[in-house]
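# Structural overview
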Amino acid sequence: MSETPTAPIHGTWTPEGGTEPPVRVNEDAVISVLKTVFDPEIPVDIYELGLIYAVEIGDDGHVKVEMTLTTPSCPSAQELPAQAEEAVRAVPGVTDVTVEVVWDPPWDQSRMSEDARLALNMY
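Please read these numbers as outputs of a predicted model, since none were measured by experiment. (Residues numbered from 1 in each chain as written. Predicted model: local features only at pLDDT ≥ 70, side-chain atom pairs only at ≥ 80, totals over all residues. Heavy atoms only, no water.)

### Here we look at the nonpolar core
- One finds Val30, Leu34, Ile46, Val63, Met67 and Val88 to be the most contacted residues of the largest nonpolar core, which totals 26 residues.
- Within the residue set of this core, elements represented by two or more residues are helix H1 (27–34), strand E3 (52–57), strand E4 (62–67), helix H2 (79–89) and strand E5 (96–101).
- Top contributing element to this core by residue count: H2, with 4 residues.
- Sequence-distant contacts of Met67, defined by excluding residues within four places in its chain, comprise Ile46, Leu51, Ile52, Tyr53, Leu80, Pro81, Ala84, Val99, Glu100, Val101 and Val102. (Core = buried A, V, L, I, M, F, W, Y, C linked by side-chain atoms within 4.5 Å. Buried < 20%, exposed > 50% of the residue type's maximum accessible area, 1.4 Å probe, protein only. Helix = DSSP H or I, 4+ residues; strand = E, 2+ residues; numbered from the N terminus. Contact = heavy atoms within 4.5 Å.)

Dropping the structure here:
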């Protein structure tokens, strides 16, 4: 994703004094925590498996993650999105998280990283 210039974030002023500016959510930090979520049946994290399709970070700290699963009948269909949400919620500056499971385009092995292919002996 390309970096777009943004105006500096300033704290708010109150009669009691100023406050610290809000922490801007770091995309690399979001990706790092997504890499801590593993499919329990596969020894590879959901990011390297190619299950994460998009990460959108709003100026207000709201993070939206679009992800998929390897199949609609995936046994981890409930737990993986919840684990992804919990992980992202812990990133500094995140105010809210939405994880949406999408099925289009369908996941296939071409979405896996080279590291994931090596870990699973799929070259």
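### Some words on the packing of H1 against H2
- Where H1 meets H2, the axes come as close as 9 Å, and the angle between the chain directions of the two elements is 140°. When the axis of H1 is compared with that of H2, the two are oblique. Pair H1 / H2 crosses with right-handed handedness. For the pair H1 and H2, the contacting residues are Val30, Val33 and Leu34 in the first and Ala84, Ala87 and Val88 in the second.
- Of the residues in the contact of H1 with H2, the class split is 6 nonpolar, no polar and no charged. (Axes fitted to C-alpha atoms, helices over the stretch in contact; angles between N-to-C directions. Parallel < 35°, antiparallel > 145°, perpendicular 65-115°, else oblique. Left-handed = near helix turned anticlockwise from the far one by under 90°. Nonpolar A, V, L, I, M, F, W, Y, C, P; charged D, E, K, R; others polar.)

### Digging into the confidence of the model for the chain
- In this model, the chain carries an average pLDDT of 86, and 82% of its residues clear a pLDDT of 70 or more.
- Overall, residues 1–9 carries pLDDT values under 50, and its contacts beyond four positions in sequence, including any with other chains, amount to 7 contacts. (pLDDT = per-residue confidence, 0-100.)

### Overview of the pattern of salt bridges
- With the rule as written, the count across this model stands at 5 salt bridges.
- The shortest N-O distance in the salt bridge between Lys64 and Glu66 comes to 3.6 Å.
- One network of salt bridges, with partners in common, ties together Lys64, Glu66 and Glu100. (Salt bridge = Lys/Arg side-chain N within 4 Å of Asp/Glu carboxyl O.)

### Brief notes about the pairing of E3
- Here E3 runs beside E4; their pairing, made up of 5 bridges, is antiparallel. Bridge pairing in E4 links Glu56 to Lys64. (Pairing = 2+ DSSP bridges.)

### Some details on unusual backbone geometry
- Following Asp104, the chain continues to Pro105 via a peptide bond in cis, the omega torsion being 0°.
- The topology assignment puts Pro105 in the loop between E5 and helix H3 (114–119).
- Positive phi values are uncommon outside glycine, yet Asn121 reaches one of about 55°.
- Residue position: Asn121 is located in the segment after H3.
- Given the relative accessible area of 59%, Asn121 is considered exposed.

### What about the sheet that holds E3?
- Pairing in this open sheet of 3 strands is mixed, and the strands run E3-E4-E5 from one edge to the other. In the strand order of this sheet, the two ends are held by E3 and E5, each with one partner. The average angle at which neighbouring strand axes cross in this sheet is 15°, direction not considered.
- Pairing of E4 with E5, which is carried by 6 bridges, proceeds in the parallel orientation. Its bridge partner lying in E5, Val63 is registered against Val97.

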